[in-house]
Amino acid sequence: MNIGQNIKKARKQAEMTQKELAERLGVYQKDISRWENGQLVPSAITLGKICEELQVSADKILELKA
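Residues numbered from 1 in each chain as written. Predicted model: local features only at pLDDT ≥ 70, side-chain atom pairs only at ≥ 80, totals over all residues. Heavy atoms only, no water.

**With respect to helix H3 (residues 29-36)**
- All buried positions along H3 are accounted for by Asp31, Ile32, Trp35 and Glu36. Along the axis of H3, the buried positions cluster into a sector of 130 degrees, meaning they face one direction only.
- A positive phi of about 80 degrees marks glycine 38, the residue just after H3. (Buried < 20%, exposed > 50% of the residue type's maximum accessible area, 1.4 Å probe, protein only. Helix = DSSP H or I, 4+ residues; strand = E, 2+ residues; numbered from the N terminus. Arc of directions from axis to C-beta.)

Here's what the structure looks like:
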């Protein structure tokens with residue numbers, strides 16, 4: 001998987017729409033779509049906010065191994 005797919009998976013597990021996540025992050029819905037489709041990658045700061053909102057670790061989104 002890639003970062004975008006991991007964001008999408010975490011968002012769906014949190015039962016949140018793209019629109020809801022966008023509103024919580026203060027970004028456009030199309031930004032969420034572009035991240036999930038791999039067209040863009042969120043900044044490190046935004047990634048932190050995504051993890052906070054979706055209650056998931058950055059390790060999980062980035063697929064980092066311990």
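Here the narrative resumes, following the displayed structure.
**With respect to the nonpolar core**
- By size, the foremost hydrophobic cluster in this structure holds 14 residues, and its most contacted members are Leu54 and Ile61.
- Among the secondary structure elements, those contributing two or more residues to this core are helix H1 (3-13), helix H2 (18-25), H3 and helix H4 (44-54).
- Sorting elements by how many residues they give to this core places H4 first, with 4 residues.
- Not counting the four nearest positions on each side in its chain, isoleucine 61 is found in contact with Ile3, Asn6, Ile7, Ala10, Leu47, Cys51 and Val56. (Core = buried A, V, L, I, M, F, W, Y, C linked by side-chain atoms within 4.5 Å. Contact = heavy atoms within 4.5 Å.)

**Quick look at the environment of glutamine 18**
- With respect to the helices and strands, the residue glutamine 18 is situated in helix H2.
- As a C-alpha pair, glutamine 18 and proline 42 span 24 residues in sequence and 14 Å in three-dimensional space.
- In this structure glutamine 18 touches Arg11, Gln29, Ile32, Ser33 and Glu36, once residues within four positions along its chain are discounted.
- Of the polar contacts made by the side chain of glutamine 18, one reaches the side chain of glutamate 36; its length is 2.8 Å. (Polar contact = N/O pair within 3.5 Å; in protein donor to acceptor, adjacent residues only side chain to side chain.)

**Digging into the side chain of arginine 11**
- Position of arginine 11 among the secondary structure elements: in helix H1.
- There is a polar contact of 2.9 Å between the side chain of arginine 11 and the backbone oxygen of methionine 16.

**Observations regarding the packing of H2 against H4**
- Axis separation between H2 and H4 bottoms out at 10 Å; the angle between their running directions is 120 degrees. The orientation of H2 with respect to H4, classified from their angle, is oblique. The interaxial crossing formed by H2 with H4 has right-handed handedness. For the pair formed by H2 and H4, the contact residues are Leu21, Arg24 and Leu25 on the first element and Lys49, Ile50, Glu53 and Leu54 on the second. (Axes fitted to C-alpha atoms, helices over the stretch in contact; angles between N-to-C directions. Parallel < 35°, antiparallel > 145°, perpendicular 65-115°, else oblique. Left-handed = near helix turned anticlockwise from the far one by under 90°.)

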